[in-house]
Structure formats: C-alpha cells, structure tokens
Amino acid sequence: MMSTPGLLSAFRRAALVLALVTGTMPAFAQESANQSATRIASNQAGGEVVLIPSRVIYPGETINLAALKQVTLIVGKHKPEAVATRAEELDGKVAKRTLLPGRYIPSAAIREAWLVEQGASVQIFFIAGGLTISATAVTLQPGAAGDLVKVRNIDSGKILSGTVMADGTIQVSAS
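Residues numbered from 1 in each chain as written. Predicted model: local features only at pLDDT ≥ 70, side-chain atom pairs only at ≥ 80, totals over all residues. Heavy atoms only, no water.

### Some points on the overall build of the protein chain
Scanning the protein chain for helices and strands turns up 3 helices and 11 strands. Written out in order from the N terminus, the α and β elements of the protein chain read α-α-β-β-β-α-β-β-β-β-β-β-β-β. Every one of the 175 residues in the protein chain was classed for burial, and the buried ones make up 28%. Contacts spanning at least 24 positions in sequence make up 45% of the contacts within the protein chain whose residues lie at least 6 apart. Accessible surface for the protein chain amounts to roughly 10800 Å². Of this, 58% is attributable to carbon and sulfur atoms. (Helix = DSSP H or I, 4+ residues; strand = E, 2+ residues; numbered from the N terminus. Buried < 20%, exposed > 50% of the residue type's maximum accessible area, 1.4 Å probe, protein only. Contact = heavy atoms within 4.5 Å. Areas by Shrake-Rupley, 256 points an atom, 1.4 Å probe, with all protein chains shown as cover.)

Here is the structure:
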C-alpha cells in the first residue's frame, strides 16, 4: 500500500501534467483574485505574491485591476527580472502588446497613458523669465507627462519640440 507522502507526490505530478496539457496553472500554485493579502500570506508562507492577467489584454487597452488576478508562486520559485507584478506598477497603464492570461507582464510591455494624442490641438507655452508666449499647435506624436514630443505651430507651420506637462499643455524651449 502506498503511503500518504507518496500519494501527495503522485497527485502533484498528475496536476502538473494536467497543467502542461491544458495550459493552466495547477490549483496548488494559485490563489483566487478576491482573497486578501493577509489570507494569502497565512496560507502560503514563503511564496511570493504576483499579479498576472486573468484574461487577454490587447495592445492600447488600459489595464485595470479587474483584469488581473493574484497568484502565489510555489515556495522556492521566484519571478523573473523586469516584470511588473504589483498593483502600483500596473493599474492605469496601457498595454503596448498583447498580454496573455497566466503569464508574467514584462515591464517593457506597458506604458503610461497618453496625455496628448497625435494630431490633437494643444496649447504650447514658451517661458523665459517674466516673458510668456502661448500659441496653438498640433501634436505630431502622442506623449505622456514628461515626454518630449514634436508639435507644429498652427500659425507659423514651424515644428518645435516640447515637454508634455501634467495638465496636457506643451512647454517648448528656445531652439
């Protein structure tokens, strides 16, 4: 007769084979998305908790926490480097490529949401000391806060580079 530890080991092997065939994660390696971090920590002491997509997230789609689930890694297994796994790193970001369910999310596959879209009409400002000049321009590329983007001044047609500000305006510098 087989002992209990051997039976458990056979069960784990069968679960891993089933996971490989179906492409899902074995039940003993995952937690449901609605469990609290306290419960996860008490049930899976030593396992690292990460967030992964619970459904396909398409390029250009804003990532929200409802599209993610918490998974506790098997004790001894660590996440790869350069992957986003915490809510602060993912919530409100935009997918640059398709993110598949059950897979890690590479940091290079997400970006900040654009504050200005390509082709949008924006206010540009040039500030030097007490002098402030404002004009209307059209963006030639999208950008998030802090990004350097090119814009075309509507009045002169001149192409300028400027920094996207948090309010969606563009601050240009002397060229």
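### Quick word on the pairing of strand β2 (residues 68-72)
The buried count for β2 comes to 4 of 5 residues, which makes it a mostly enclosed element. Here strand β1 (residues 49-53) runs beside β2; their pairing, made up of 5 bridges, is antiparallel. Bridge assignment links I52 to a residue of β2, and that residue is K69. (Pairing = 2+ DSSP bridges.)

### Things to note about the pairing of strand β9 (residues 148-153)
Only one face of β9 is covered, namely the face carrying V149, V151 and N153; the face carrying L148, K150 and R152 is uncovered. Note: strand β8 (residues 131-139) against β9, 3 bridges, orientation antiparallel. Of the residues in β9, the one forming a bridge with T139 is V151. Bridging between β9 and strand β10 (residues 159-164) involves 5 bridges; their strand directions are antiparallel.

### Digging into the confidence of the model for the protein chain
Taken over all residues, the pLDDT of the protein chain has a mean of 79, while the share at 70 or more is 73%. Here helix α2 (residues 37-43) is the element of the protein chain with the lowest mean pLDDT, 38, and β9 is the one with the highest, 96. Scored below 50 in pLDDT, residues 26-46 shows 32 contacts in the model against residues more than four places distant or in partner chains. (pLDDT = per-residue confidence, 0-100.)

### Quick look at the environment of I57
By the element assignment, I57 lies in the loop between β1 and β2. Accessibility expressed as a relative area gives 1% for I57, which makes it buried. The spatial distance from the C-alpha of I57 to the C-alpha of T98 is 5.7 Å, given a sequence separation of 41 residues. Residue contacts for I57: discarding those within four places in its chain leaves I63, A67, L68, A95, R97, T98 and L99.

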